[in-house]
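Chain by chain, the residues:
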Amino acid sequence: MRKTATKQSGKIPAQPGPREVASVKPGVPSDAGSVIPGAGPSTHPGERPTVRLRDAGPDDAPRYAPEWLELREGPDAAARAGDLIDPLRIRLANLPGKAGLVIHDLGCGTGSMGRWLAPRLDGPQHWILHDRDPYLLHFAAVASPRSAADGSRVTVETRRGDVGLLTPDALAGASLVTASALLDVLTREEIETLATACTGAGCPALLTLSVAGRVELTPSDPLDDEIADAFNAHQRRGGLLGPDAVTVACEAFSERGATVRLHPSAWRLGPAESALTAQWLRGWVGAAVEERPELKEPAERYLRDRLEACRAGELKVVVHHSDLLALSRPTGGAS
């Protein structure tokens, strides 16, 4: 599954390591094979992927592997709500100061949000990439875009930050906060902290690809809904919000005076995305079985049949997400 990439392609070679391929755990369907970290269930309830949100020891291993983030980058880019870009551009054009944009990307992973968004915005940009994993931060910095939509320069810096401790002061001077696939692994308290920091700093937030809790598989199977319900319950373990996160985030930002826009951003996976679909299936079914062990036997059959249909190019999957744009009231007298 590993791909060796060159600097010219914007990638850096991945370094083999035990964290990059998770072996099958008891209770996970036997057809799961090797599940890339981040595609499967958490090792422990409440474990956080990518971004450190709680105090953790120095040996607290990151959860997301570059392979998983690389697999999903194309479908992520296709799914993100381009309709939110114009209102974002208008707000950014009215922010005080014309020296350029300062954008904080929370839980940046390998930097896919910057590669998607920077070429869609005009003017000089300085991206501050936040992640708990120094290897992913290095990858993101090396593969970052170098120019904006109008050819202006894009620069980056990296920080190993704690999203759970964000304050308005930490975002002083920020033009925009971004994140991708982050809200659903936060608690209500953490989303309120994020909303308080963004609205207190008067900066908009573009928070994309939060799971909506709905999946459509074609052809359908009688077990689809049961697997989906168990997966959604798994997503809520340890006080995490999972598919409830977008609703909570909308309320949190609105209560603090922000104007909130929502737009669907579904993955639409067909034969061309079979590698991603297969990994997603293994993680989706594995998490469901971890949540409800009594599903193990029917889930083994289900996963085997689904993977076979995926290999044959006969399976289509729609994984629903939501993108949120929160336009906080600017500080400094901007309109």
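Residues numbered from 1 in each chain as written. Predicted model: local features only at pLDDT ≥ 70, side-chain atom pairs only at ≥ 80, totals over all residues. Heavy atoms only, no water.

Attention shifts here to the overall build of the chain. When helices and strands are counted, the chain shows nine helices and eight strands. By residue count, 56% of the 335 residues in the chain fall in the buried class. Carbon together with sulfur atoms contributes 51% to the accessible area of the chain, which is approximately 14,400 Å² in total. (Helix = DSSP H or I, 4+ residues; strand = E, 2+ residues; numbered from the N terminus. Buried < 20%, exposed > 50% of the residue type's maximum accessible area, 1.4 Å probe, protein only. Areas by Shrake-Rupley, 256 points an atom, 1.4 Å probe, with all protein chains shown as cover.)

So, on to the pairing of strand β2 (residues 125–130). Of all six residues making up β2, five are buried, and the element is well covered by its neighbours. In this sheet, β2 lies alongside strand β1 (residues 101–106) in parallel orientation, the contact comprising six bridges. The residue of β2 that forms the bridge with Val 102 is His 126. Relative to strand β3 (residues 154–159), β2 runs parallel, the two being bridged by six bridges. Along β3, the bridge assignment pairs Gln 125 with Val 154. With helix α4 (residues 134–142) bridging β2 and its parallel neighbour β3, the resulting β-α-β unit is right-handed. (Pairing = 2+ DSSP bridges. Right-handed = clockwise from strand over helix to strand, strands pointing away.)

Here we take up the packing of aromatic side chains. A full pass over the atoms with the stated rule returns three aromatic pairs. The interplanar angle of 70 degrees and the centroid separation of 6.4 Å between the aromatic rings of Trp 68 and Trp 267 together place this pair among those described as edge-to-face. Of this pair, Trp 68 sits in helix α1 (residues 66–79) while Trp 267 is found in strand β7 (residues 267–269), placing the two residues 199 residues apart along the sequence. With a relative accessible area of 2%, Trp 267 lands in the buried category. Arranged with centres 6.5 Å apart and planes meeting at 45 degrees, the rings of Trp 284 and Tyr 302 form a pair that is tilted. With Trp 284 in helix α8 (residues 274–291) and Tyr 302 in helix α9 (residues 296–311), the pair connects residues that are 18 residues apart, well separated along the chain. In this structure Tyr 302 comes out as buried when scored by relative accessible area, which is 1%. Among the aromatic residues, ring-to-ring pairing joins Trp 280, Trp 284 and Tyr 302 into one connected group. (Phe/Tyr/Trp six-rings, centres within 6.5 Å; stacked < 30°, edge-to-face > 60°.)

Summarising burial for strand β8 (residues 316–327): eleven of the twelve residues are buried, a large majority. Looking at chain direction, strand β5 (residues 205–218) and β8 are connected through nine bridges and run antiparallel. Across the sheet, residue Val 215 finds its bridge partner in β8, namely Val 319. As paired strands, strand β6 (residues 259–264) and β8 are joined by six bridges and run antiparallel to one another.

Another aspect to go through is the pattern of salt bridges. Summed over the entire model, instances satisfying the criterion amount to 14 salt bridges. One salt bridge in this structure joins Glu 291 and Arg 237, with 2.7 Å as the shortest N-O distance. A residue pair is termed long-range when its members are at least 10 positions apart, and Glu 291 in helix α8 and Arg 237 in the loop between α6 (224–235) and α7 (245–255) qualify at 54 residues. Glu 291 gets classed as partly exposed once you look at its relative accessible area, which sits at 26%. Taken together, the salt bridges that share partners define one network made up of Asp 221, Arg 301 and Asp 305. (Salt bridge = Lys/Arg side-chain N within 4 Å of Asp/Glu carboxyl O.)

Of all hydrophobic cores here, the largest spans 35 residues; its most connected members are Leu 217, Ile 227, Trp 267, Trp 280, Leu 281, Trp 284 and Val 285. Of all the elements in the fold, those that place two or more residues in this core are α1, α4, β5, α6, β7, α8, α9 and β8. The biggest single contributor to this core is α8, with nine residues. Discounting chain neighbours no more than four positions away, the residues touching Trp 280 are Trp 68, Val 215, Leu 217, Trp 267, Val 317 and Val 319. Ranked by size, the runner-up nonpolar core spans 31 residues in total, among them Val 163, Ala 179, Leu 241 and Ala 326. (Core = buried A, V, L, I, M, F, W, Y, C linked by side-chain atoms within 4.5 Å. Contact = heavy atoms within 4.5 Å.)

Glancing now at the packing of α8 against α9. Helix-helix packing is characterised by the crossing angle of the two axes and by the distance between the axes. Running from N to C, α8 and α9 cross one another at 175 degrees; their axes reach a closest spacing of 10 Å. By the angle between their directions, the pair α8 and α9 is classed as roughly antiparallel. Of the residues in α9, those in contact with Ser 274, Thr 277, Ala 278, Leu 281, Arg 282, Trp 284, Val 285 and Val 289 of α8 are Lys 296, Ala 299, Tyr 302, Leu 303, Arg 306, Leu 307 and Cys 310. For the contact of α8 with α9, the residue count by class is ten nonpolar, two polar and three charged. (Axes fitted to C-alpha atoms, helices over the stretch in contact; angles between N-to-C directions. Parallel < 35°, antiparallel > 145°, perpendicular 65-115°, else oblique. Nonpolar A, V, L, I, M, F, W, Y, C, P; charged D, E, K, R; others polar.)

Once that is clear, we can look at the confidence of the model for the chain. Fine structural detail should not be taken from predicted coordinates in areas where pLDDT scores are low. Chain-level pLDDT for the chain is 83 on average; 79% of the residues reach the 70-or-more range. Under a pLDDT of 50 for its full length, residues 1–30 has, in the predicted model, 60 contacts with residues more than four places off or in other chains. Within the model, the stretch residues 40–62 combines pLDDT values under 50 with 64 contacts to residues more than four positions away or in other chains. (pLDDT = per-residue confidence, 0-100.)

At a minimum axis distance of 9 Å, the contact between helix α5 (residues 188–201) and α7 shows a crossing angle of 40 degrees. Comparing their axes, α7 and α5 come out oblique. Judged by the sense of rotation from one axis to the other, the crossing of α5 with α7 is right-handed. Across the interface between the two elements, Arg 188, Ile 191, Glu 192, Ala 195, Cys 198 and Thr 199 of α5 pack against Ala 245, Val 248, Ala 249, Glu 251, Ala 252 and Phe 253 of α7. The residue inventory of the contact of α5 with α7, partitioned by class, reads eight nonpolar, one polar and three charged. (Left-handed = near helix turned anticlockwise from the far one by under 90°.)

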